[in-house]
Amino acid sequence: MADDSDLEKTESATPRRLEKAREEGQIVRSRELVSFALLSAGFYGVWAMSGHIGDHLGAMLRAGLTFNHASVFETRQMLIGAGAASREGLYALLPVLAMTGGAALLSPLALGGWHVSATPLAPNFSRLDPFAGLGRIFSLNGPLQLGMSLAKTLVVGIIGGVSIWHRHDEILALATQPLTVALANAAHLIAVCCGMTVAGMFVVAALDVPYQIWQYNKKLRMTKEEVKQEHKESEGDPKMKGRIRQQQRAAARRRMMSKVPKADVVVTNPTHFAVALQYSDGEMRAPRVVAKGINLVAARIRELAVENNVPLLEAPPLARALYHNVDLDREIPGPLYGAVAEVLAWVYQLRRFKTEGGAAPVAPSDLDVPPELDKGAIDDDADLDADDDLNDDAAPGASA
């Protein structure tokens, strides 16, 4: 079953899955890389600080071999001498310890970076399950880890053995050399062999790092169903998002309907389109569309206009041009200035007629609407169908 589950996990981990794994303390780590960094820092630290280390160790050795008859029988003096020798040893090794400590802190930055998480410290009694432990031992990962350990030992051993074998004549010649020369040559041979061992660890780390990255990505792979579920959780359920959009459209339409009573005129198709225009001299550069709609929404706009004594004008080309080319709360374009000016002039005459009497103004007809702005009577079926879908949930809200 586990193999089947792994086979189903064909999708790469999503950013959210990677972030969650990081919060749980799961990050890419290579013990071989850390071992190589520590060995390199220790070896090159001793090599670079050999003079400094030699001075302090020589001082410690001289102090240890210097005897004073008066202090031999005093315990306090012996403790003081031991403390001085300890300080000399610390001063000798302190630079090397600092370099290895820095390597231990900086080496994680090469892969997963620093990360502090308390999740791995939480009690997890499933780790005490003996059957789960046996499963981990006899799983595929166990032989792989054993193979990696054997390969590491083999690589380092071969490199170190070849290095020593190529210098076996120099090693045997140390017995025939004077003491000072033999010590210097022995130190050189030791440094060369240690350097080759560090080079062997570099090879092991270079092989282990890609493997650990691959193993980490494989462990976090997801099934297609998990990716879909995560997308739903992060982006939201499509049905719920659709319902939210419907509510937002209904709220926007209610706000739009509240502006119809303040309009100066409503231009209609007369049945399918309705566009409400408003113009305030000194406040607007040009008349503005404050409400528009088709079918049910257009019918509601006409009803509100009648209830609030807003004039209705049947001008199909102008209504279609305004609906298709002007967004809500936007001023009309320049090519429609002339036609809308005639409409507003008729509105102002109608207001004067209602207050002062006289001859009733004649509603304008044959308005000058550019043909490229008039998209036809009801030929934009896609637009009408889309707006009809909105009307189903918006009309009740609009009339509320």
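For clarity, every value in this text was computed on a predicted model and none was experimentally measured. (Residues numbered from 1 in each chain as written. Predicted model: local features only at pLDDT ≥ 70, side-chain atom pairs only at ≥ 80, totals over all residues. Heavy atoms only, no water.)

Caption draft 1: Structural context of the packing of aromatic side chains. In total, this model carries 4 aromatic pairs according to the counting rule given. When the centroid spacing of 5.1 Å and the interplanar angle of 70 degrees are considered together, the rings of F273 and Y323 count as edge-to-face. Of this pair, F273 sits in strand β2 (residues 273-278) while Y323 sits in helix α14 (residues 316-325), and the two are 50 residues apart along the sequence. Here F273 and Y323 have matching classes, each one buried. (Phe/Tyr/Trp six-rings, centres within 6.5 Å; stacked < 30°, edge-to-face > 60°. Helix = DSSP H or I, 4+ residues; strand = E, 2+ residues; numbered from the N terminus. Buried < 20%, exposed > 50% of the residue type's maximum accessible area, 1.4 Å probe, protein only.)

Caption draft 2: The arrangement of the nonpolar core in detail. Core analysis: the biggest nonpolar cluster contains 27 residues, and L277, L318, L322 and L336 have the highest contact counts within it. Broken down by secondary-structure element, the contributors of at least two residues to this core are β1 (265-268), β2, β3 (288-294), α14 and α15 (337-356). Ranked by residue count, the leading element in this core is α15, at 7 residues. When neighbours within four sequence positions are excluded, L322 is seen to be in contact with V267, V275, L277, I332 and L336. If you look at the next biggest cluster of nonpolar residues, it comprises 15 residues, including V260, A291, L304 and V310. (Core = buried A, V, L, I, M, F, W, Y, C linked by side-chain atoms within 4.5 Å. Contact = heavy atoms within 4.5 Å.)

Caption draft 3: Local environment of the sheet that holds strand β5 (residues 330-331). Strand order in the open sheet made by the 5 strands is β4-β1-β2-β3-β5, with mixed pairing throughout. Two strands in the sheet have a free side with no partner beyond their single neighbour: β4 (312-314) and β5. Sitting on the sheet, helix α13 (residues 296-307) is in contact with β1, β2, β3 and β4, with an inclination near 125 degrees to β3. Docked against the sheet, α14 engages β1, β2, β3 and β4, running at close to 75 degrees with respect to β2. (Pairing = 2+ DSSP bridges. Axes fitted to C-alpha atoms, helices over the stretch in contact; angles between N-to-C directions.)

Caption draft 4: Highlighting the environment of R285. Counting through the fold element by element, R285 comes out in the loop between β2 and β3. The spacing of R285 and E331 is 46 residues in sequence and 7.9 Å in space, taken between C-alpha atoms. Ignoring sequence-local partners within four residues, the contact set of R285 consists of Y279 and E331.

Caption draft 5: Just the pairing of β3, in detail. Of all 7 residues that make up β3, 6 are buried, and the element is covered over most of its length. In this structure, β2 lies alongside β3, joined through 6 bridges in antiparallel fashion. The residue bridging F273 from the neighbouring strand is I294, located in β3. Both β3 and β5 contribute to a ladder of 2 bridges, which runs antiparallel. Bridge pairing links R288 to E331 in β5.

Caption draft 6: Spotlight on the environment of H324. Structurally, H324 is set in helix α14. H324 sits in the buried class, given a relative accessible area of 17%.

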